[in-house]
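Remarks on the overall topology
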Amino acid sequence: DRGAASATGDRGAASATGDRGAASATGYRGAASATGDSGAASATGDRGAAMSSGYGGRVMGADGCALFLVERDDSYKIVNVWAGIAGRDGIKPLVWYVLTKGVPVEMASG
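Residues numbered from 1 in each chain as written. Predicted model: local features only at pLDDT ≥ 70, side-chain atom pairs only at ≥ 80, totals over all residues. Heavy atoms only, no water.

1. Topic: the overall build of the protein
Basically, it comes down to this: A run of DSSP states H or I qualifies as a helix once it reaches four residues; a run of E qualifies as a strand once it reaches two. Both are numbered from the N-terminal end. Just to be clear, the radius of gyration here is over C-alpha atoms, and the globule rule we use is 2.2 Å times residues to the power 0.38. Each residue is assigned to one of three classes by its accessible area relative to the maximum for its type, calculated with a 1.4 Å probe on protein chains only: buried under 20%, partly exposed between the two thresholds, exposed over 50%. Here, residues are in contact when the closest pair of their heavy atoms is within 4.5 Å. The accessible surface values rely on the Shrake-Rupley method and a 1.4 Å probe; as for residues, cover is taken only from the protein chains in view.
If you tally the helices and strands in the protein, you get zero helices and 11 strands. Counted from the first residue to the last, the protein has its helices and strands arranged as β-β-β-β-β-β-β-β-β-β-β. The globule rule puts the C-alpha radius of gyration for 110 residues at 13 Å, and the 12 Å found for the protein is close to it. C-alpha atoms of the protein, sized along the principal axes, occupy 40 × 35 × 25 Å. Expressed as a percentage of its 110 residues, the buried residues of the protein come to 40%. Within the protein, contacts between residues separated by at least 24 positions form 14% of all contacts whose residues are at least 6 apart in sequence. Just so you have it, the protein exposes about 5,900 Å², and 49% of that area is on carbon and sulfur atoms.

Quick look at the structure:
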């Protein structure tokens, strides 16, 4: 729980599997995944990807990075999934998003 994983080299992969874990990929074509509850995944390198599949998970990516979110109900069943690209279709680069009722919602900063 509350672990952190970071991939900074090209094509690196970072995975955080515990609750409130954080995974970050900053290198070229890196991938970050957070699978625990309230996990966070970010891809800030060129052509990266970030995925969060736990209850209350969130993602963030640089312009052009792929983002993936899973929404779960209170019994942890999957109720919605979403995929998008930062910088397209209203998804802002370098902004945290959660999935609410099947829609990516920008998280308040601070």
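The discussion continues.
2. Section: the nonpolar core
Stated precisely, the cut-off is as follows: Residues enter a nonpolar core if they are buried and are Ala, Val, Leu, Ile, Met, Phe, Trp, Tyr or Cys, with the set joined through side-chain atoms within 4.5 Å.
Among the nonpolar cores identified, the biggest contains 22 residues, and Ala41, Ala50, Val59, Leu67, Leu69 and Trp82 are the most heavily contacted of them. Those elements that place two or more of their residues in this core are strand E1 (4-7), strand E2 (13-16), strand E3 (22-25), strand E4 (31-34), strand E5 (40-43), strand E8 (66-72) and strand E10 (97-100).

3. Details of the packing of aromatic side chains
Here is the rule we go by: Aromatic pairs are defined between Phe, Tyr and Trp rings, using the six-membered ring for Trp, whenever the two ring centres lie within 6.5 Å; interplanar angles under 30 degrees are classed as stacked, those over 60 as edge-to-face, and all others as tilted. Only Lys NZ and Arg CZ are tested; either one counts as a charge over a ring when it is within 6 Å of the ring centre and within 35 degrees of the ring normal.
Applying the stated criterion to the full structure yields one aromatic pair. Lying across the ring of Trp96, Arg58 places its NZ or CZ 5.3 Å from the centre.

4. Considering the environment of Ala16
Of note, Ala16 is situated in strand E2. When its relative accessible area of 5% is taken as the criterion, Ala16 is described as buried. For Ala16 and Ala32, which are 16 residues apart along the polypeptide, the C-alpha to C-alpha distance reads 8.1 Å. Those residues in contact with Ala16 that sit more than four places away from it in its chain are Gly3, Gly21, Ala22, Ala23, Ser33, Ala34, Thr35 and Gly36.

5. Some points on the pattern of salt bridges
Note the following rule: We define a salt bridge as a contact between a side-chain nitrogen of Lys or Arg and a carboxyl oxygen of Asp or Glu at a distance within 4 Å.
Following the criterion strictly, the structure yields two salt bridges and no others. The partner of Lys92 in a salt bridge is Glu106, and the shortest N-O contact between them spans 3.1 Å. Here Lys92 is found in the loop between strand E9 (78-85) and E10, whereas its partner Glu106 is found in strand E11 (residues 103-106), with 14 residues between them in sequence.

6. Some words on the sheet that holds strand E6 (residues 49-52)
Test applied: At least two DSSP bridges between two strands are required for those strands to pair. In this analysis, axes come from line fits to C-alpha atoms, helices being fitted only over the stretch in contact, and the angle between any two N-to-C directions falls in the range 0 to 180 degrees.
Pairing in this open sheet of five strands is mixed, and the strands run E2-E4-E6-E8-E9 from one edge to the other. Each edge of the open sheet carries a strand with a single partner, namely E2 and E9. On average, each strand axis in the sheet is tilted by 10° relative to the strand beside it, whichever way the strands run. Two elements, E2 and E4, share four bridges in a ladder whose sense is parallel. Residue pairing for E4: Ser15 is matched across the bridge by Ser33.

7. Comments concerning the side chain of Ser33
As a reminder, the rule being used: Nitrogen and oxygen atoms within 3.5 Å of one another constitute a polar contact, given that in protein one can donate a hydrogen and the other can accept it, and given that sequence-neighbouring residues count only through two side-chain atoms.
By secondary structure assignment, the location of Ser33 is in strand E4. The class for Ser33 is buried, based on a relative accessible area of 17%. Among the polar contacts listed, one links the side chain of Ser33 to the side chain of Ser15, at a separation of 3.3 Å. When sequence neighbours within four positions are dropped, the list of residues in contact with Ser33 reads Ala14, Ser15, Ala16, Ala23, Ala41 and Met51.

8. Description of unusual backbone geometry
Positive phi values are uncommon outside glycine, yet Arg20 reaches one of about 60°. For Arg20, the position within the fold is in the loop between E2 and E3.

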